[in-house]
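# Structural overview
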Amino acid sequence: MQDDEEELHKLLLPNVHDLPLTPPSAIDFNFVAYFAPDFLKPGHDQYVYRHANGLCVIGLAPTHVAFKDEGGITAVDFNVGKSDRSGFKVTGKRKKQNAQHFESNTAVCKVCTNNDSYIVRCCVKGSLLEVNNRLIKQPGLLNSSADREGYIAIIMPKPADWLKIKSSLLGLEDYKRKREECFGSS
């Protein structure tokens, strides 16, 4: 009986010295990070955060060439291709039927700096569920928190499509090794 209580105590109250100094962020805890370096063009690095439910959040990786321009990103335009994606959001039970189906190279938006503009692509073949409309009025979110509030869009790939695209993406450690010189200065 005494041993059972001690074992239960160890399970319920972890040793303080075994805990990390800072808890993992919600992104670290809930998503697996993948990266598409040089997606279709050199320096066009993007991330794909995949949740256990299959949803993928896409955005600009910290090494994307747009962040190197003086002044950072100044505008985001979802009016690319043949439609304005800013008014698009699927809701309710019909998400799969109402969503737009995109290929991995489909343009989602254009991000602008003082000197240039860059097309942001899906990276993942799937259904576009939502774009981050906050970026239209607050493009600075990309400069301050591109991996959180500054995400670009949410995509739902089919499981078979995900397995195909996953092989072309890099995990966090492989991405860091590939971009080591960039991470050392950030």
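Refer to the structure presented above.
Here's a quick rundown of the structure. (Residues numbered from 1 in each chain as written. Predicted model: local features only at pLDDT ≥ 70, side-chain atom pairs only at ≥ 80, totals over all residues. Heavy atoms only, no water.)

### Some thoughts on the pairing of strand S10 (residues 126-131)
Stated precisely, the cut-off is as follows: Accessibility here uses a 1.4 Å probe with only protein chains present; expressed as a share of the type maximum, an area under 20% marks a residue as buried, one over 50% as exposed, and anything in between as partly exposed. Strands here are runs of E lasting at least two residues and helices are runs of H or I lasting at least four, both read from the DSSP assignment and numbered beginning at the N terminus. Strand pairing follows a simple DSSP-based rule, namely that at least 2 bridges must link the two strands.
Of all six residues that make up S10, six are buried, and the element is covered over most of its length. Pairing between strand S7 (residues 100-102) and S10: three bridges, direction antiparallel. Note on S10: the bridge partner recorded for histidine 101 is serine 127. Two elements, S10 and strand S11 (residues 153-156), share four bridges in a ladder whose sense is antiparallel. Each residue of the ladder has a partner; that of leucine 128, found in S11, is isoleucine 155.

### Points about the nonpolar core
Most often, soluble globular proteins keep nonpolar side chains buried together rather than apart. Our working definition: We define a nonpolar core as any set of buried Ala, Val, Leu, Ile, Met, Phe, Trp, Tyr and Cys residues linked to one another through side-chain atoms lying within 4.5 Å. Contacts are assigned to residue pairs that have any heavy atoms within 4.5 Å of one another.
By size, the foremost hydrophobic cluster in this structure holds 32 residues, and its most contacted members are Val48, Val111, Leu142 and Ile152. Once residues within four sequence positions are removed from consideration, valine 111 is found in contact with Leu60, Ala66, Ile73, Ala75, Val76, Asp116, Ser117, Tyr118, Val120 and Leu142. Counting 10 residues, the second-largest nonpolar core is a separate cluster that includes Ala99, Leu129, Tyr151 and Ile154.

### Concerning the state of the cysteines
Counted only if it meets this: Throughout, disulfides are identified as pairs of cysteine sulfur atoms within 2.5 Å of each other.
The tally for this structure, following the rule as stated, stands at zero disulfides. Considering cysteine sulfurs only, cysteine 109 is the nearest to cysteine 112, which forms no disulfide, with 9.1 Å between them.

### Points about the packing of aromatic side chains
The following threshold applies: Stacked, tilted and edge-to-face are the three classes assigned to paired rings of Phe, Tyr and Trp, where Trp is represented by its six-membered ring and a pair needs centres within 6.5 Å; plane angles under 30 degrees give stacked, over 60 edge-to-face, the rest tilted.
If you walk through the whole model with that rule in mind, you get four aromatic pairs. The interplanar angle of 70° and the centroid separation of 5.3 Å between the aromatic rings of tyrosine 34 and tryptophan 162 together place this pair among those described as edge-to-face. Separated by 128 residues along the polypeptide, tyrosine 34 in strand S1 (residues 31-36) and tryptophan 162 in helix H6 (residues 159-166) bring together distant segments of the chain. Tryptophan 162 carries the same exposure label as tyrosine 34, and that label is buried. Considering the side-chain rings of tyrosine 47 and tyrosine 49, the 4.2 Å spacing of their centres and the 20° angle between planes classify their relative orientation as stacked. Among the residues examined, tyrosine 49 registers a relative accessible area of 10% and is labelled buried. Through a chain of ring-to-ring contacts, three or more aromatic side chains come together here, namely Phe31, Tyr47 and Tyr49.

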